Amino acid sequence: MKAKEIDHSRLDIHHFVNGFAICCFSIMLAALPLEPACADTVEVRIEKMRFVPEVVRVKAGDTVVWKSYEKRGYHTVWFQNEGVAESELMFPGESWQRKFDTKGEYPYICGPHPHMVGRVIVE
Ligand SMILES: [Cu+2]
């Protein structure tokens, strides 16, 4: 008899805790804006004459930063297909960034070394 009573009280506590947790979670969900303001910044490394990773997937609103980890020389990021201006020259340690607001695929090259290619996919 006594053991049963203890079990019941445990159940009640579990129900209470679960109910409380679900309630908190609902409040958290309700507080989230429709467009989450959690835009990320994603880095693409420039090293050994390559963009690493060569293909990067981001969400609309994210920013991609290209940073040169080279020891010498310079590179650019150029979205040539779009007819936009090439980035500034990036010397070792320097970076350049672009924010992507529209879904799509954005291939690019390095102006001084057109065999260096990369692609940003915005989802
Ligand atoms: Cu280059």
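Attention in this report is confined to the structure presented alongside it. (Residues numbered from 1 in each chain as written. Predicted model: local features only at pLDDT ≥ 70, side-chain atom pairs only at ≥ 80, totals over all residues.)

A word on the overall build of the chain
1) Next: When its secondary structure is counted, the chain shows 1 helix and 7 strands.
2) Next: The order of helices and strands in the chain, counted from the N terminus, is α-β-β-β-β-β-β-β.
3) Next: Long-range contacts, defined as pairs at least 24 residues apart, comprise 50% of the intrachain contacts of the chain with a sequence gap of at least 6. (Helix = DSSP H or I, 4+ residues; strand = E, 2+ residues; numbered from the N terminus. Contact = placed C-beta atoms within 7 Å.)

Here we look at the nonpolar core
1) Next: Counting residues in each nonpolar core, the largest one holds 12 residues, listed as Val44, Ile46, Phe51, Val58, Val64, Trp66, Val77, Met90, Phe100, Tyr108, Cys110 and Val120.
2) Next: Contact partners of Val58, with chain neighbours within four places excluded, come to Asp40, Val42, Val64, Phe100, Val120 and Val122. (Core = buried A, V, L, I, M, F, W, Y, C linked by C-beta atoms within 7 Å. Buried ≥ 20, exposed ≤ 12 C-beta atoms within 10 Å, placed from the backbone.)

Regarding the sheet that holds strand S6 (residues 104-109)
1) Next: Pairing in this open sheet of 3 strands is mixed, and the strands run S3-S7-S6 from one edge to the other. Two strands bound the open sheet, and with one partner strand each, they are strand S3 (55-58) and S6. If you compare each strand with its neighbour and ignore which way they point, the axes differ by 15 degrees on average.
2) Next: Relative to strand S7 (residues 117-122), S6 runs antiparallel, the two being bridged by 6 bridges. Its bridge partner being in S7, Pro107 is matched across the sheet by Arg119. (Pairing = 2+ DSSP bridges. Axes fitted to C-alpha atoms, helices over the stretch in contact; angles between N-to-C directions.)

Remarks on the environment of Ser87
1) Next: Tracing the backbone shows Ser87 in the loop between strand S4 (63-68) and strand S5 (95-99).
2) Next: Ignoring sequence-local partners within four residues, the contact set of Ser87 consists of Thr76, Val77, Trp78 and Trp96.

Points about the sheet that holds S4
1) Next: Across the sheet, which stays open at both edges, the 4 strands sit in the order S2-S1-S4-S5 with mixed pairing between neighbours. What marks the edges here is a single partner per strand, and that holds for strand S2 (50-52) and S5. Averaged over all adjacent pairs, the angle separating strand axes in this sheet is 25 degrees, with direction ignored.
2) Next: Of the strand pairs in this sheet, strand S1 (residues 41-47) and S2 are connected by 3 bridges, and their pairing is antiparallel. Among the inter-strand pairings, Ile46 is bridged to a residue of S2, identified as Phe51.

Overview of the pairing of S1
1) Next: Judged from the 6 bridges that link them, S1 and S4 form a sheet pairing that is parallel. Directly across from Glu43, in S4, lies its bridge partner Val65.
2) Next: Counted between consecutive antiparallel strands, the loop separating S1 from S2 contains 2 residues, among which Lys48 sits at a positive phi close to 50 degrees.

Digging into the environment of Gly104
1) Next: Here Gly104 shows up in strand S6.
2) Next: In this structure, the C-alpha to C-alpha distance between Gly104 and Ile121, residues 17 residues apart in sequence, is 6.0 Å.

The quantities given are spatial measurements derived from coordinates; they are silent on function.
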